[in-house]
Amino acid sequence: MAYRISGWLRIWHTVSPLFWVLAAIYAGHVSWRWLALPRPWWIINYLDDLLCLPLVLTITLYLLRLFYGSELRLAWYHVVFTVVYFILAFEVFFPGFMPRYTSDWVDGVLYAIGGMIFYRFLNK
């Protein structure tokens, strides 16, 4: 038990202050949506796509570090694969089968920017 707790503490640096800021922005956006308050169109359409990959990849990195050690980093091709996967899933595949999803090339650009934010600032 003590070994597990020490492992969690060793990898706690994975969740940097930037991650908490992005998570707070996302939580605020979800609360704003839940309260049905008016929002600008660009927040409605694009904020989630921009925040998605930095949050998902940081949580993924944290979980991987639990199993493989605190020095693990994601390589650039892991991030590129994840960006391409999200673009194909949410902008190509899902809109073809589910009317809830819409295809938008700007979303793909925002996924790529989110991947770059993760790789540059959070993958430490």
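That block above? That's the structure.
Cut-offs applied
Residues numbered from 1 in each chain as written. Predicted model: local features only at pLDDT ≥ 70, side-chain atom pairs only at ≥ 80, totals over all residues. Heavy atoms only, no water. Helix = DSSP H or I, 4+ residues; strand = E, 2+ residues; numbered from the N terminus. Buried < 20%, exposed > 50% of the residue type's maximum accessible area, 1.4 Å probe, protein only. Contact = heavy atoms within 4.5 Å. Areas by Shrake-Rupley, 256 points an atom, 1.4 Å probe, with all protein chains shown as cover. Lys, Arg positive; Asp, Glu negative; His and termini not counted. Charge placed at Lys NZ, Arg CZ, Asp CG, Glu CD. Salt bridge = Lys/Arg side-chain N within 4 Å of Asp/Glu carboxyl O. Expected span 1.5 Å × (residues − 1). Arc of directions from axis to C-beta.

Student: Would you explain the overall build of the protein in this entry?
Tutor: Tallying secondary structure elements over the protein gives five helices and zero strands in all. Ordered by position in the sequence, the α and β elements of the protein form the string α-α-α-α-α. For the protein, the spread of C-alpha atoms along the principal axes amounts to about 45 × 35 × 25 Å. Split into buried and exposed, the 124 residues of the protein put 31% on the buried side. Contacts spanning at least 24 positions in sequence make up 68% of the contacts within the protein whose residues lie at least 6 apart. Accessible surface computed for the protein: about 8500 Å², of which carbon and sulfur atoms make up 73%. In the protein, the 9 positive side-chain charges and the 6 negative ones have mean positions that sit 14 Å from each other.

Student: What is the right way to look at the side chain of Asp-107 in this model?
Tutor: Examined against the element boundaries, Asp-107 turns out to sit in helix H5 (residues 105–122). For the buried Asp-107, no salt bridge is present, and the opposite-charge side chain at shortest range is Arg-100, 12 Å distant. Aside from chain neighbours lying at most four places away, what touches Asp-107 is Asn-45, Tyr-46, Asp-49 and Glu-91.

Student: Sorry if this is basic, but what is going on with the side chain of Asn-123 here?
Tutor: With respect to the element layout, Asn-123 can be found in the segment after H5. Excluding residues that lie within four positions of it along the chain, Asn-123 makes contacts with Leu-61, Arg-73, Leu-74 and Phe-118.

Student: Is there a simple way to explain the pattern of salt bridges in this structure?
Tutor: A side chain of one charge can pair with a side chain of the opposite charge if their charged atoms are brought near each other. As enumerated under the stated definition, the model contains one salt bridge in all. Note that Arg-33 and Asp-48 form a salt bridge whose closest N and O atoms lie 2.9 Å from each other. One end of the pair, Arg-33, is in helix H2 (residues 17–34); the other, Asp-48, is in helix H3 (residues 41–68), with 15 residues separating them in the sequence.

Student: What should I look at first to understand H5 in this one?
Tutor: Taking 1.5 Å per residue as the helical rise, H5 with its 18 residues ought to reach 26 Å, and the 25 Å between its terminal C-alpha atoms agrees with that figure. Among all positions of H5, only Asp-107, Gly-108, Leu-110, Tyr-111, Gly-114, Gly-115, Phe-118 and Leu-122 are buried. Projected down its long axis, H5 carries its buried residues within an arc of 160°, all on one side. For H5, the exposed residues lying more than 90 degrees away from the buried face are Trp-105, Met-116 and Arg-120. As for H5, its buried residues are in contact with H2, H3 and helix H4 (76–97).

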